[in-house]
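Close look at the chain arrangement
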Amino acid sequence: MRAASSPLVEALNSLEALRAPLVAGTPPPVERTAAVLRMAQILKPAVEAHREAPDPDKYAEFLAAFVESCPVTSAALAGVDLAQADADGVGRDWLSVLAAYLKAVVADWPAIEGKAPAGTRRRILAGIRRACVVPVSGPGGKARHRVLTSADVRQNEPVTVLRRRAVHRLLGGRSGTPFELYTYTQKPYALPSPLPSERSALDALDRLGFGCDPSFLPASERVSVLVAMTVFAGSINSADDRAELVRRHLVRPVEVIVPGGRVRYEITVEPGDRPLMRADRLGETGIRPPAWVTPGSGVAAAKQGLVTALGLSGMPEKGGLPWTEDHVGFVASALVRLPVADRAALRGVALVRHAERPSTAPGSVHAACLHVTEHDIDTGFPALPPPPHIHCSNAVFTDVDLTCAGAPGDPAHVGEFTVAHEAGHAVSLCFDAENRASIARLTVGLRGYQDALAPVLPYVRQTTARAEAYNALDALLGPFAQAYGPAMTADRALEEGDRTGYAAAVQAYGGFYQNEAKCAAVLKAAQDADALLDAPQRIFEKYTKVFVRRHRLLHDLLSSGTAAALVRFATYADRIGLPRLTHYAGTNVQEWFAEVYALFCTDRERLWELDWRLCRWLEDGRPKIADYDPAAP
Ligand SMILES: [Zn+2]
C-alpha cells in the first residue's frame, strides 16, 4: 500500500485492492459487478484531481493501473459461464466506464506524455487491448464475448471510435511498435504431469533468458501458459539468430495446452537485455459459423448456403476428400470476417476442397492457394469450374500447428487467418464480377467479328479503293495491337513488385487507348472503309468499336481496378514505412498485401495500432494514393 497523501494516491490504493482478487483467481459474478461500479466511482474524482492539480507522474500510473484492474477481459472471465444477466448488467456497466476512461486518455494523455514514467504507454495500450471486450447476449439465453472493434456495421459505435482515438493519442499520431507475427509451426508438446509449480515454471523460463509477469494470466491457466512460453522460448533459443528474432518484437498467437483442452493466447516478446514475455488471453477454441450455414442441415445445404451468400461458382472437391459440414462452417466463419464490400471479390470464385497441401515451405503454414488463371494444381481434374479457385487443403482445418489468430475476446483458428489471406489475394487480383463479365462479353463479341472478317477480306481486295481504305485502317489499328506489349509488361511488373515499371507500362498502354484523337481517327478510318462496301459486308466500324472498348476497359482496370490496388498498397506502404508484419510477407507484394489483409480481417485494431493510416486506407476502399491523406480520428 502506498501512503494515502493525495486523491490520486488514494485512487491507486483502491485499484490495487480491486486487482488483488483478479490475480488470486476469478472473482464471483457479484464481485465483478461491484468492481465495475467501484471503478466508476474511482475514475471521476481521480481525473478531476489531476485536472485541478496536475501530477503527470501519478496520473500516468493511474491510467495504466485503472485499465489493468478491469474484471471484464477475456482473461478475467476465463472459465466463466456467461449468462444473459452478464450482458445486461456488467457488460452494459463496463461499456460506460470504459467510454469515460477512454475519454480521459484522449483528453489528458497528450499533455502528460513527455512526463509519464517509461513503460506506462505500453501498459495502457496493452490494457486497452485486453479490456476492449464486453459480454453481449448470445444464443440460448447465454452471453458471449464481443470484441469492441470498428468492423463494418459497428464502424461508428461511440466506444470503438473512442478506442481508436485513444490509441491514436497514445501513439502521438504515429505508428505503433513494429512487430512480427510469428506464424511458424509450433512443435508438438505435452503438459508435464504433475504440473510444475508456478515458481519452477518461471525459473525454467528464466534459465532460457526470459522474464515474465504472469499476473495477467488467470490463476487456473497460469502454469500451462508458462509451459507454453518455455516451449516457445526453447524454439527461439534453438535458432541461430535469437537476438535478431527478439529484436523484431515477436507476437506469437498460439493455442496453449491446458488440462482438458486448449485455449488461445497471444505471447508477446518484448526486446531488452533480458527479454520479457507477456501473454494475453484471446479466448476459447472453436469456430463461429455465420447464419449462411445452418448447423445440422447437412453438407449439401451448408454448401448451398455459402455458395448463394457469396455468389461462388461452386465448392468442388479434388483428390478424394469431400467437404464436410464442419469444414463448410469453418470456411464460412473465416469469410464472414471480410468487410461486406469486399465479399464481391469472391463472386465467381470456386472453393476447392483439396486433399494435400499445395506446397509446404519449410517451417511456414502454407495450407491454401488462390489462382486466377490456369494452374498445374488443377491437372487431372477437368471437372473443376474455370478459375479463379481457392484451394483449401487439410492443413487449413487441422490444428496440429497450434497456431491461432485474432484479438482478445475474438480468437480465430489459424486456418481462418489462412482463408482470409487467400481472400486477400482474391480482393487484390480478381477483377470484380461485373468487369469480368464485361471483358468476357467484349472478348466473345470480338471473336465473332474476327470470324465475320474472314469472308470480307477477299471482297475488299477486288478494288484498289477498298484495299487502300482497308490498309489505312490497318495502319491505324496496328499500333493499337502493339499495345499488348505494355499490357504484358504491366502484368509482369505487378508480379515482380516493380511499382515504377508497372506505372510506366500502364501509362504506355493508356497512351494508345486513352488518346481521343487516335481513337477518333481509327473509327473514322473504319467508317471510310465500310463506306466502300455493300451494306451486308460493313463490319469494320463494329469490329473496331469493340476492339477499342475492350482495350479501354482493360486499361481502366489496370490503372484503377483491383490489380492497381496492389500497386497502390505497395506505394503507400513504402510511403508510410509499413513494417513487413510477417516473415512470409517479405516474399513479394502480393503476399505482403494478403498477410496485412488477413490481419485486417481477424484483428483489425491490431492493424490500427501498427499503422492507423494503412487501416484507414483499407477501410476507405483502397483509394488512389496520390493525394490520399486520411483524417486523424
Ligand atoms: Zn498467399
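Up top is the structure.
Since the model is a prediction, treat every value here as computed from it, not as a measurement.

1. Some thoughts on the overall build of the protein
Secondary structure assignment for the protein yields 23 helices and 13 strands. When its C-alpha atoms are laid out on the principal axes, the protein stretches across 110 × 60 × 50 Å. Taking all 633 residues of the protein together, the buried fraction comes to 54%. Nonlocal contacts in the protein, meaning residues at least 24 apart in sequence, comprise 72% of its contacts between residues at least 6 apart. Total accessible area on the protein is roughly 26,500 Å²; 55% of this is exposed by carbon and sulfur atoms.

2. Details of the sheet that holds strand β4 (residues 211-212)
Read from one edge of the open sheet, five strands run β3-β5-β6-β7-β4, paired in mixed fashion. If you trace the sheet from one side to the other, it starts and ends with β3 (180-181) and β4, each paired once. Pairing of β4 with strand β7 (residues 276-284), which is carried by two bridges, proceeds in the parallel orientation. Looking at the pairing, G211 lines up with L276 of β7.

3. A short note on the packing of helix α10 (residues 299-310) against helix α11 (residues 325-335)
One can describe the packing of α10 onto α11 by two numbers: an axis separation of 8 Å at closest approach and a directional angle of 20°. Taken together, the axes of α10 and α11 are roughly parallel relative to one another. Crossing hand, α10 versus α11: left-handed. Between α10 and α11, the contacting residues are V299, A302, K303, L306 and L310 on the first element and E325, V328, V331, A332 and L335 on the second. Across the contact of α10 with α11, the residue classes tally to eight nonpolar, no polar and two charged.

4. Comments concerning the coordination of the zinc ion
Only H421 (NE2), H425 (NE2) and E591 (OE) from the protein coordinate the zinc ion, and they sit 2.0 to 2.1 Å from it. Mapped onto the sequence, the donors of the zinc ion take the spacing H-x3-H-x165-E. A residue pair is termed a helical-turn pair when its members lie 3 or 4 positions apart in one helix, as H421 and H425 do in helix α13 (residues 414-429) at four residues. This pair shows no difference in class: H421 is buried, exactly as H425 is.

5. So, the packing of aromatic side chains
Inspection of every chain in the model, using the stated rule, returns 16 aromatic pairs. Here Y543 and F547 contribute two aromatic rings whose centre-to-centre distance is 5.9 Å and whose plane-to-plane angle is 35°, an arrangement assigned as tilted. Here F547 and Y543 lie together in helix α19 (residues 540-560), a separation of four residues that amounts to about one turn. Judged on exposure class, the residue Y543 and its partner F547 are both buried. Taken together, a centroid distance of 6.2 Å and an interplanar angle of 40° make the contact between Y572 and W617 tilted. One end of the pair, Y572, is in helix α20 (residues 562-576); the other, W617, is in helix α23 (residues 612-619), with 45 residues separating them in the sequence. Under the relative-accessibility criterion, W617 is labelled buried at 0%. Of the aromatic side chains, those joined through ring pairs into one cluster are F569, Y572, W592, F593, Y597, F600, W617 and Y628. We note R580 situated over the ring of W592; from NZ or CZ to the ring centre the distance is 3.9 Å.

6. Quick look at the pattern of salt bridges
This model, assessed by the stated rule, comprises 35 salt bridges. The partner of R281 in a salt bridge is E284, and the shortest N-O contact between them spans 3.1 Å. Owing to a relative accessible area of 3%, R281 belongs among the buried residues under this scheme. A salt bridge links D611 to R613; its shortest N-O distance comes to 2.8 Å. For R613, a relative accessible area of 22% translates into the label partly exposed. Here the residues in one salt-bridge network are R122, R130, E270, R278 and D280, joined through shared partners.

7. Digging into the sheet that holds strand β9 (residues 350-354)
Pairing is mixed in the open sheet, where four strands are placed in the order β8-β9-β11-β10. What marks the edges here is a single partner per strand, and that holds for β8 (317-318) and β10 (368-371). The pairing of β8 with β9 spans two bridges and is parallel. Counterpart to K318 in the pairing with β9 is H354.

8. Describing the packing of α11 against α13
Helix-helix packing: each pair is described by the crossing angle between the helix axes and the interaxial distance. Taken N-terminus to C-terminus, the directions of α11 and α13 make an angle of 60°; their axes are 8 Å apart at the nearest point. By the angle between their axes, α11 is oblique relative to α13. For α11 against α13, the interelement crossing comes out right-handed. Contacts between α11 and α13 involve F330, V331, S333, A334 and L335 from the first element and G415, E416, V419 and A423 from the second. For the contact of α11 with α13, the class distribution of residues is six nonpolar, two polar and one charged.

9. Let's talk about the nonpolar core
In this structure, F62, Y101, L306, F569 and L614 are the most contacted members of the largest nonpolar core, which totals 120 residues. With 13 residues, the single largest contributor to this core is helix α4 (residues 84-112). Inspection of this core shows a minimum of three residues originating in each of domain 1 (7-174) and domain 3 (299-429). Beyond its immediate chain neighbours, meaning those up to four positions away, L306 contacts W292, V293, L312, M315, V328, V331, A332 and L351.

10. Notes on the environment of Q590
Looking at the element boundaries, Q590 is found in helix α21 (residues 589-602). Taking the C-alpha atoms as reference points, Q590 and R199, separated by 391 residues in sequence, lie 46 Å from one another.

11. A few points about the environment of A454
Along the chain, A454 turns up in helix α14 (residues 433-460). Spatially, the C-alpha atoms of A454 and S74 are 71 Å apart, while their sequence positions differ by 380 residues.

Criteria and cut-off values
- Residues numbered from 1 in each chain as written.
- Predicted model: local features only at pLDDT ≥ 70, side-chain atom pairs only at ≥ 80, totals over all residues.
- Heavy atoms only, no water.
- Helix = DSSP H or I, 4+ residues; strand = E, 2+ residues; numbered from the N terminus.
- Buried < 20%, exposed > 50% of the residue type's maximum accessible area, 1.4 Å probe, protein only.
- Contact = heavy atoms within 4.5 Å.
- Areas by Shrake-Rupley, 256 points an atom, 1.4 Å probe, with all protein chains shown as cover.
- Pairing = 2+ DSSP bridges.
- Axes fitted to C-alpha atoms, helices over the stretch in contact; angles between N-to-C directions.
- Parallel < 35°, antiparallel > 145°, perpendicular 65-115°, else oblique.
- Left-handed = near helix turned anticlockwise from the far one by under 90°.
- Nonpolar A, V, L, I, M, F, W, Y, C, P; charged D, E, K, R; others polar.
- Donors = N, O, S within 2.8 Å, 3.2 Å for Na, K, Ca; no water.
- Phe/Tyr/Trp six-rings, centres within 6.5 Å; stacked < 30°, edge-to-face > 60°.
- Lys NZ or Arg CZ within 6 Å of the ring centre and 35° of its normal.
- Salt bridge = Lys/Arg side-chain N within 4 Å of Asp/Glu carboxyl O.
- Core = buried A, V, L, I, M, F, W, Y, C linked by side-chain atoms within 4.5 Å.
- Domains from an automatic or database assignment.

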